[in-house]
Every structure is written in structure tokens, then in C-alpha cells.
Amino acid sequence: MRTSLTISLLVLASLGASSTMSEPPVKAPRVLFVGNSLTYVNDLPSIVERISVADGAPLETHTAVAPNYGLEDHWNDGAVQRLLGRERWDVVVLQQGPSSLQESGTNLVDYAARFGALIRSHHACPAVYMVWSEERYPRMFDAVRDHHRAAADSAHAQFLPAGDGWRAAWRRDPSFAFYSPDGLHPTPLGSYLAALVVYGGITGRSPVGDTTSVAGMVIDRTQHRVVQEAAAEVLRDVPRRCGVD
């Protein structure tokens with residue numbers, strides 16, 4: 001009886017192992033970032049990816065970025081179109097400069113709409129990453145937000161209001177240093193807050209969690225909580241259009 005029971009258990013264990021081995025590996029959602037130095041300074045996509053791993057919902061990030069490029073430049077370059085046709089993507093994040101002036105805002109809306117239609121035709125989710133005004137033009141923040149929100153609407157894209165995340169954090173503590181010395185590019189802390197907004201926006205998950213060191217720095221515990229709460233605040237009323245679960 002004991003021998004028969006042992007054999008039966010071995011057979012069941014073998015069947016269980018076989019079943020596990022036959023299951024295909026779960027692929028992490030793939031996110032393509034299209035933009036310029038406001039994306040690649042501090043490697044925002046990498047921060048987003050590390051936040052996702054720390055949060056237990058890994059993403060795989062890639063970039064199509066070039067200095068001083070707007071969406072029109074990317075459209076005319078054609079590299080993004082080739083990537084969309086050649087590889088599978090779940091989300092494509094679109095970014096250009098502040099676009100606070102009427103002309104640049106109109107350009108942003110136009111090319112976001114073109115990319116949005118193309119991205120959806122490849123069964124991916126378009127997202128528009130709102131940046132911030134230049135430090136010397138703080139009154140332009142509203143125009144930056146309005147033009148990026150209009151671009152997200154025109155592209156039927158997920159809106160990612162990272163620049164508004166900065167302002168939400170400043171309302172809590174005006175001393176936060178989000179601008180680098182050039183008055184445009186982000187500090188690592190500024191990129192970390194932007195990454196929290198991007199991550200929460202494209203996944204629908206809370207940006208509040210234990211991700212203090214994912215940006216390659218150890219953030220003060222109080223700062224950490226404030227910037228995460230700021231990210232959560234600006235995402236609270238953003239319509240969920242698409243993304244990854």
C-alpha cells in the first residue's frame with residue numbers, strides 16, 4: 001500500500017511540474033517613450049520601469065528620443081512608425097517641449113492626433129506626457145497644461161500630467177528643487193515625481209508605495225511621501241482612457 005501511494009504521489013508531482021513547465025511565461029507590458037531630453041535626462045523610462053518592479057507590476061520600457069525633437073520631428077523622421085510596425089507595444093508615451101505658446105500648442109495637438117491614430121491602429125494605447133513651463137515663465141504653466149490636455153483629447157490618449165504633479169508638490173512644500181540649473185531640465189527628484197505620474201497614469205495603480213530608492217537616490221522619507229501624494233492628487237480626476245492593467 002505504501003509503495004502504491006508513493007508511486008501515485010510521484011505521478012501527480014510529475015504531472016504538476018509538466019503543467020507548470022508548459023505554461024508560457026507572462027510578458028511584461030511594453031512601453032515606448034517618444035520624446036526629447038525632457039524624457040532622457042535622468043532616464044525617466046528607467047525610473048518608471050524600476051518603480052513598476054518595486055510595485056510588483058513590472059513594465060518593459062524602450063525609447064525613441066532625440067535632442068530638441070518635437071512630435072513633428074519624430075513624425076517626419078519615420079523611426080517611430082517603423083518601430084510601431086515592427087514590434088508589439090502596449091503603451092506609447094508622447095512628449096515634446098513645454099508648448100506653452102499658441103503656435104507650439106497647436107502643433108502639439110496636431111501631431112499628437114496623428115500619432116494617436118497610428119498608435120491605436122497598431123492596437124496600442126497612446127499617452128501624452130505633460131511636462132512643465134520654463135522656470136523663468138511660471139505663469140505659462142496653465143497654458144502648458146491646457147495644450148497638453150487638448151493634445152491628449154485630440155489623440156484619444158491617456159493624459160499624464162507630470163508638470164501638474166510638480167505644482168501639487170510645491171503647494172505642499174515650495175522648497176522642492178525640481179528644476180536643474182538650466183531652468184528647464186528636471187533634477188532627479190523632478191524626474192522621480194514625473195515618473196510616478198507616468199506610472200500611475202498608464203497602469204491605473206496608486207503611485208504611493210515603497211519606491212524611495214528606485215531613482216538611483218535615497219529620498220528623504222518626508223519628501224518621498226509628499227511627492228507621492230502629489231502624484232496621486234493630480235491623477236485622481238484624470239479620465240482613464242487606456243493603459244495597462
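About the thresholds
- Residues numbered from 1 in each chain as written.
- Predicted model: local features only at pLDDT ≥ 70, side-chain atom pairs only at ≥ 80, totals over all residues.
- Heavy atoms only, no water.
- Core = buried A, V, L, I, M, F, W, Y, C linked by side-chain atoms within 4.5 Å.
- Buried < 20%, exposed > 50% of the residue type's maximum accessible area, 1.4 Å probe, protein only.
- Helix = DSSP H or I, 4+ residues; strand = E, 2+ residues; numbered from the N terminus.
- Contact = heavy atoms within 4.5 Å.
- Disulfide = S-S within 2.5 Å.
- Pairing = 2+ DSSP bridges.
- Right-handed = clockwise from strand over helix to strand, strands pointing away.

Chemist: Can you walk me through the nonpolar core in this structure?
Modeler: Generally speaking, a soluble globular protein has its nonpolar side chains buried in company with each other. The biggest cluster of nonpolar side chains holds 69 residues, and the ones touching the most others in it are V92, Y129, W132 and L193. Counting residues per element, this core draws most heavily on helix 9 (residues 188–203), at 10 residues. When near neighbours in sequence (up to four residues on either side) are disregarded, W132 contacts L38, P98, F141, V144, G163, W166, Y179, L184, P186 and A194.

Chemist: When you look at the state of the cysteines in this model, what are you seeing that I'm missing?
Modeler: Throughout this description, disulfide means a covalent bond between two cysteine sulfur atoms. Here the structure, examined in full by the defined rule, presents 1 disulfide. Each sulfur of the disulfide joining C125 and C242 lies 1.9 Å from the other. Disulfide C125-C242: the torsion about the S-S bond is 70 degrees, which places it as right-handed. Linking C125 in strand 4 (residues 125–130) with C242 in the segment after helix 10 (221–235), this pair joins segments that are 117 residues apart in sequence.

Chemist: Explain the pairing of strand 3 (residues 91–94) here, please?
Modeler: Note on strand geometry: in a regular strand, side chains alternate between the two faces of the sheet. Side chains of strand 3 alternate between two faces, with V91 and V93 and V92 and L94 buried alike. Pairing analysis gives 4 bridges linking strand 1 (residues 30–35) to strand 3, with the strands arranged parallel. When the sheet's bridge partners are listed, L32 is paired in strand 3 with V92. Pairing of strand 3 with strand 4, which is carried by 4 bridges, proceeds in the parallel orientation. Looking at strand 4, one finds that V91 is bridged to C125.

Chemist: Looking at this structure, I do not really get the pairing of strand 4. What am I missing?
Modeler: Extensive coverage of strand 4 is indicated by the burial of 6 of its 6 residues. Between the parallel pair strand 3 and strand 4, the chain is carried across by helix 6 (residues 102–121), and the sense of this crossover is right-handed. Where strand 4 lies against strand 5 (residues 158–161), 4 bridges are found, and the strand directions are parallel. Bridge pairing links V128 to F159 in strand 5. What joins strand 4 to strand 5 is helix 7 (residues 141–155), and the crossover it makes is right-handed.

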